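Understanding the architecture of this molecule
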Amino acid sequence: MFLHGTSRINNEGHLEIGGVDTVHLAKQFGTPLYVYDVALIRQKARQFKETFEKHHVKAQVAYASKAFSSVAMVQLVHDEGLSLDVVSGGELYTALKAGFPKEKIHFHGNNKSKAELEMALQENIGCIVVDNFYEIELLKEVSSHAKGKIPVLLRLTPGVEAHTHDYITTGQEDSKFGFGLQNGQADEAIKRVREDDRFHLLGIHCHIGSQIFETTGFVMAIQKLFTKIKEWKENIDFIPEVVNLGGGFGIRYTEEDTPIPVSQYVDVIINEVKKQVALMDIPFPEIWIEPGRSLVGDAGTTLYEVGARKSVPDIREYLSIDGGMSDNIRPALYQAKYEAVLANKANEPNKDVVSIAGKCCESGDMLIWDIPLPAAKPHDLLAVFCTGAYGYAMASHYNRLTKPAVVFVEDGDAQLVIKRETYEDLVRNDLSYKVKVKKP
Ligand SMILES: *Cc1c(COP(=O)(O)O)cnc(C)c1O
């Protein structure tokens, strides 16, 4: 059993997180329940920040809030002194509601609407990460809402795509995001933004993938970006103040995953930028990064109550739980793998091999295939680890299931930070259909 952060097995043989017994949490708040280990989030945030401080590099560590956005989460991010990425009006609204400092908010997305851009300019947020030519024109249209010059980064596709264990380089990246670095789009975008004095071009951005365990992809992306920066310096006198290298740092979901410490990604990134800057004798840019999954992924655990059990003789044992793809779509969406324990029998030996079935009406709603567990009975408590990123954030109302509650635990204290939805919440926006045409 791999225990993340403050998770441990207590004297009663129960899983405990943040000093709180998960059996008590389930009793108090019901199931399914997302439990976040606040100390682990803080620890990761500090590791990122401290590595930049160690190198004396000006930096912003921006939490990619799409991984898990809520008022309390945004407040925690602020408490740790990080910046914040948002990708929609809704995430921006959440950040504003949480009182997050506006100048530390960065707005991403490949199809920001006019209304979203207006909102961002009115609120005078830190920067807009411009994705495409259409967005440059939209920003000009709404520029009267800006308080001063519009601070922008340009999202570039460097032609490096990093996956979990490998990376590919493509001369011409086929991506819906960003301006191509190789095909001249990046040069054209820089020109258009710089020739319009409504913009302040802060710098450039790239994001090469997610759940990355290697540093090679980052090094290659930096090399490609700086090859271009050299050209821009010589030909158009443009040197970025900010180089944003995105997120994508991997975490351990199961024993197949072999992440490196977050500080190591940052070390490698800084060292490569140092090397490039020294080669071309330019002012050292600010380095920004955008961790999402690596800040919250392994800090989240979902608690479920065990229900029905079905045995298919000689084939498989299905153990059903009171949630599923509605609170964790990742297994169904991309065969994501998870580890789990029986939280109320955490010390008992694994005697069974079962497959964990969600309660949604889809055969594909399976959370974990063939996992060893102690003998499980109805009302036992199943804890699935590492559900903190892209779990609640991707939750749906499929089958009209209500979204679970979220609690933060820290130092023996548990606090509800998102209430469980009620049936009333489900029909809140439903309207009756009033028949206007009488049947003949
Ligand atoms: C999704 C995303 C991130 C965060 O990715 P993680 O894999 O969760 O770290 C960062 N930056 C951008 C632009 C993204 O789209």
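Residues numbered from 1 in each chain as written. Predicted model: local features only at pLDDT ≥ 70, side-chain atom pairs only at ≥ 80, totals over all residues. Heavy atoms only, no water.

As named in an unreviewed UniProt entry, the protein chain is Diaminopimelate decarboxylase, taken from Priestia koreensis. The Sequence similarities (unreviewed entry) field of the UniProt record for the protein chain holds the comment "Belongs to the Orn/Lys/Arg decarboxylase class-II family. LysA subfamily." The record held by UniProt for the protein chain lists under Subunit (unreviewed entry) the comment "Homodimer." (UniProt positions renumbered as here; feature names shortened; annotations may be inferred.)

**Regarding the packing of aromatic side chains**
Across all of its chains, the model carries 12 aromatic pairs by this definition. Ring geometry for Phe218 and Tyr265: centres 6.1 Å apart, planes at 75 degrees, overall edge-to-face. Taken together, the residues span a long stretch of sequence, with Phe218 in helix α8 (residues 216-236) and Tyr265 in helix α9 (residues 262-280) at a distance of 47 residues. Connected via pairs of aromatic rings, a cluster forms that spans Tyr34, Tyr36, Phe68, Tyr392 and Phe408. One Lys or Arg, Arg155, reaches over the ring of Phe177 and ends 4.3 Å from the middle of that ring. (Phe/Tyr/Trp six-rings, centres within 6.5 Å; stacked < 30°, edge-to-face > 60°. Helix = DSSP H or I, 4+ residues; strand = E, 2+ residues; numbered from the N terminus. Lys NZ or Arg CZ within 6 Å of the ring centre and 35° of its normal.)

**What about the side chain of Glu135?**
Turning to its location among the elements, Glu135 is positioned in helix α6 (residues 133-141). Residue Glu135 is classed as buried on the basis of its relative accessible area of 2%. Within the structure, the side chain of Glu135 is placed 2.7 Å from the side chain of Lys112, a separation counted as a polar contact. Once you skip the residues sitting within four places of it in the chain, Glu135 turns out to touch Gly109, Lys112, Leu117, Ile128, Val129 and Val130. (Buried < 20%, exposed > 50% of the residue type's maximum accessible area, 1.4 Å probe, protein only. Polar contact = N/O pair within 3.5 Å; in protein donor to acceptor, adjacent residues only side chain to side chain. Contact = heavy atoms within 4.5 Å.)

**What to know about the site of the ligand**
Taken together, 14 residues surround the ligand, and among them Lys66, Ser210, Glu290, Arg293 and Tyr390 come closest. At 2.9 Å from an oxygen atom of the ligand is found a main-chain nitrogen or oxygen belonging to Gly248. Note that an oxygen atom of the ligand is positioned 2.6 Å from one of the side-chain N or O atoms of Tyr390. In isolation the ligand has 390 Å² of accessible area, and contact with the protein removes 93% of it. Within the shell around the ligand, the residues separate by chemical class into three nonpolar, seven polar and four charged. (Near = heavy atom within 4 Å. Areas by Shrake-Rupley, 256 points an atom, 1.4 Å probe, with all protein chains shown as cover. Nonpolar A, V, L, I, M, F, W, Y, C, P; charged D, E, K, R; others polar.)

**Comments concerning the UniProt feature "modified residue: N6-(pyridoxal phosphate)lysine" (unreviewed entry) in the protein chain**
Mapped onto the present numbering, the UniProt feature "modified residue: N6-(pyridoxal phosphate)lysine" (unreviewed entry) falls at Lys66. Examined against the element boundaries, Lys66 turns out to sit in the loop between β5 (59-64) and α3 (71-79). With residues near it in sequence (within four places) discarded, Lys66 still touches Val87, Glu91, Tyr390 and Ala393.

**Description of the pattern of salt bridges**
Enumeration over the complete set of coordinates arrives at 25 salt bridges. Of the charged contacts, one joins Glu286 and Lys58 as a salt bridge, the two residues approaching to 3.7 Å between their closest N and O atoms. Taken together, the positions of Glu286 in strand β15 (residues 286-289) and Lys58 in the loop between α2 (38-54) and β5 put the pair 228 residues apart, joining distant regions of the chain. Taking relative accessible area as the criterion, Lys58 reaches 61% and is therefore assigned exposed. Between Glu339 and Arg252 there is a salt bridge, and its shortest N-O distance comes to 3.1 Å. Of the two residues, Glu339 sits in the loop between α11 (330-334) and β18 (340-342) while Arg252 sits in the loop between β14 (242-244) and α9, which places them 87 residues apart along the sequence. Classification of Arg252 as buried rests on a relative accessible area of 13%. Through salt bridges with shared partners, one network takes in Arg42, Arg46, Asp79, Glu80 and Glu410. (Salt bridge = Lys/Arg side-chain N within 4 Å of Asp/Glu carboxyl O.)

**Things to note about the environment of Gln335**
If you trace the backbone, Gln335 turns up in the loop between α11 and β18. Taking the C-alpha atoms as reference points, Gln335 and Glu80, separated by 255 residues in sequence, lie 33 Å from one another.

**Notes on unusual backbone geometry**
Following Thr31, the chain continues into Pro32 via a peptide bond in cis, with omega recorded as -10 degrees. For Pro32, the location among the structural elements is in the loop between α1 (22-29) and β4 (33-37). Although it is not a glycine, Asn124 adopts a positive phi angle of roughly 60 degrees. With respect to the secondary-structure elements, Asn124 resides in the loop between α5 (114-122) and β8 (127-130). The exposure class assigned to Asn124 is partly exposed, which follows from its relative accessible area of 43%. In this structure, Gln335 is a non-glycine residue whose phi angle is positive, near 50 degrees. According to the relative accessible area criterion, Gln335 is exposed, its value standing at 59%.

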